[in-house]
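A structural walkthrough
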Amino acid sequence: ELETRLEIKSKDEIGSLADAINDLAIDLQHYRDTRQELFSNISHELRTPITYLEGYSKVVKDKLYETEEEKDRYLDIIYQEAVRLQHLVDDLFDMAKMEEGKISLVFERIDLSELVEQAVRKVELKAKDKSLRLTNSQSGKASLVHADGKRMEQIVLNLLENAIRYTEQGGIDVHLVYTSKRVTLIVEDTGIGIPEEELPYIFERFYRVEKSRSRQFGGTGLGLSIVKKLVEVQGGELQVSSKLGEGTRFEIQFVLLPDNGEGRT
Ligand code: ADP
């Protein structure tokens, strides 16, 4: 397959140089394949909402509906797909920046407890619309971490939105648990869950547990890959456990700032 393969067969220095070059060529080919796959994924993801937008706006434009309700339904789909496209473009932009290592973080002292509380408040309506419970609790008060506030919020919102998206009954419980040096954010839902054998893949770009399930729920397939990266670049650790049909639990650990917490927890 590789036209550039070198065929030097000896055990001397030139031989091992040839081996090194061959290895490089294989890496490069792999890199090309990955990019190819990435671009084909991106075009597919972009094409889908555009197809909906095109189709349904034509139906409305040419008045190919029979009732006003039908028309409203089509307009609603157009709106939903436009929103999805917006999310997708935002996510793609983040992904591209991270790929190039160009994501610039502004590290500050962040009060995680306050940040989580605000994020929970932002998604309250979404949970209410689906009649889901949404609780937020914490053990202790020491919650200062060294992080980028905007990116941290993005992480928390993403986990919360996923939890709401993939839960039909029961709800979402958010906890902050402190130990002497660390803080763990737990987002736990009673949703549809993820099969165990698929758990290792959910952080991959465009990976969806079921191809149709995420579309139906409105996701982009990029959220968790971005979350994982954002957690990593801020020195955190991310874990997930899940039971199909019972729920999913995400945990993120961060190191607490040394000058907070003593005597307060
Ligand atoms: P999406 O935008 O499709 O939600 P993500 O990268 O955020 O993409 O998540 C990847 C996949 O992992 C989702 O398509 C979904 O199948 C699964 N998933 C993520 N969060 C949850 C959750 N809380 N409960 C069940 N499944 C989830």
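As recorded by an unreviewed UniProt entry, the protein chain carries the name histidine kinase and is attributed to Paenibacillus wynnii. One UniProt comment on the protein chain, placed under Catalytic activity (unreviewed entry), says "ATP + protein L-histidine = ADP + protein N-phospho-L-histidine."

**Section: the nonpolar core**
Within the largest apolar cluster, 49 residues are counted, with the highest numbers of intra-cluster contacts made by Val145 and Leu160. At 8 residues, the largest contribution of residues to this core is made by helix α4 (residues 149–165). Membership of the second largest hydrophobic core comes to 5 residues, among which are Val59, Val60, Tyr65 and Ile78.

**Focus on the packing of aromatic side chains**
Taken as a whole and judged by the stated rule, the model has 4 aromatic pairs. With a centroid separation of 5.7 Å and an interplanar angle of 35°, the aromatic rings of Tyr201 and Tyr207 are classed as tilted. By relative accessible area, which is 38% here, Tyr201 ends up partly exposed. For Tyr207, a relative accessible area of 24% gives the class partly exposed. In this structure an aromatic cluster arises from ring pairing among Tyr52, Tyr56 and Tyr74.

**Brief notes about the environment of Gln239**
Structurally, Gln239 can be placed in strand β6 (residues 237–243). Separated by 159 residues in the primary sequence, Gln239 and Gln80 have C-alpha atoms spaced 31 Å apart. Those residues in contact with Gln239 that lie beyond four places of it in its chain are Arg249, Phe250 and Glu251.

**Focus on helix α3 (residues 112–129)**
Taking 1.5 Å of rise per residue, the 18 residues of α3 would be expected to cover 26 Å, and the 26 Å separating its terminal C-alpha atoms lies within 8% of that figure. A maximum bend of about 40° is found in α3 at Val123. Along α3, the residues classified as buried are Leu112, Ser113, Leu115, Val116, Ala119, Val120, Val123 and Ala127. For α3, the capping residue at the N-terminal end is Asp111, with a side-chain oxygen 3.1 Å from the backbone nitrogen of Ser113. Following α3 by one or two positions, Ser131 has its phi on the positive side, about 55°.

**Focus: helix α6 (residues 223–233)**
Owing to its 3.6 residues per turn, the α-helix aligns residues three or four sequence positions apart on the same side. What α6 keeps buried is the set Gly223, Leu224, Ser225, Ile226, Val227, Leu230 and Val231. As for α6, its buried residues are in contact with α2 (68–99), α4, β6 and β7 (247–255). Positive phi shows up at Gly235, right after α6, with a value of about 75°.

Thresholds applied
- Residues numbered from 1 in each chain as written.
- Predicted model: local features only at pLDDT ≥ 70, side-chain atom pairs only at ≥ 80, totals over all residues.
- Heavy atoms only, no water.
- UniProt positions renumbered as here; feature names shortened; annotations may be inferred.
- Core = buried A, V, L, I, M, F, W, Y, C linked by side-chain atoms within 4.5 Å.
- Buried < 20%, exposed > 50% of the residue type's maximum accessible area, 1.4 Å probe, protein only.
- Helix = DSSP H or I, 4+ residues; strand = E, 2+ residues; numbered from the N terminus.
- Phe/Tyr/Trp six-rings, centres within 6.5 Å; stacked < 30°, edge-to-face > 60°.
- Contact = heavy atoms within 4.5 Å.
- Expected span 1.5 Å × (residues − 1).
- Bend = angle between axes of the 7 residues up to and from the residue.
- Polar contact = N/O pair within 3.5 Å; in protein donor to acceptor, adjacent residues only side chain to side chain.

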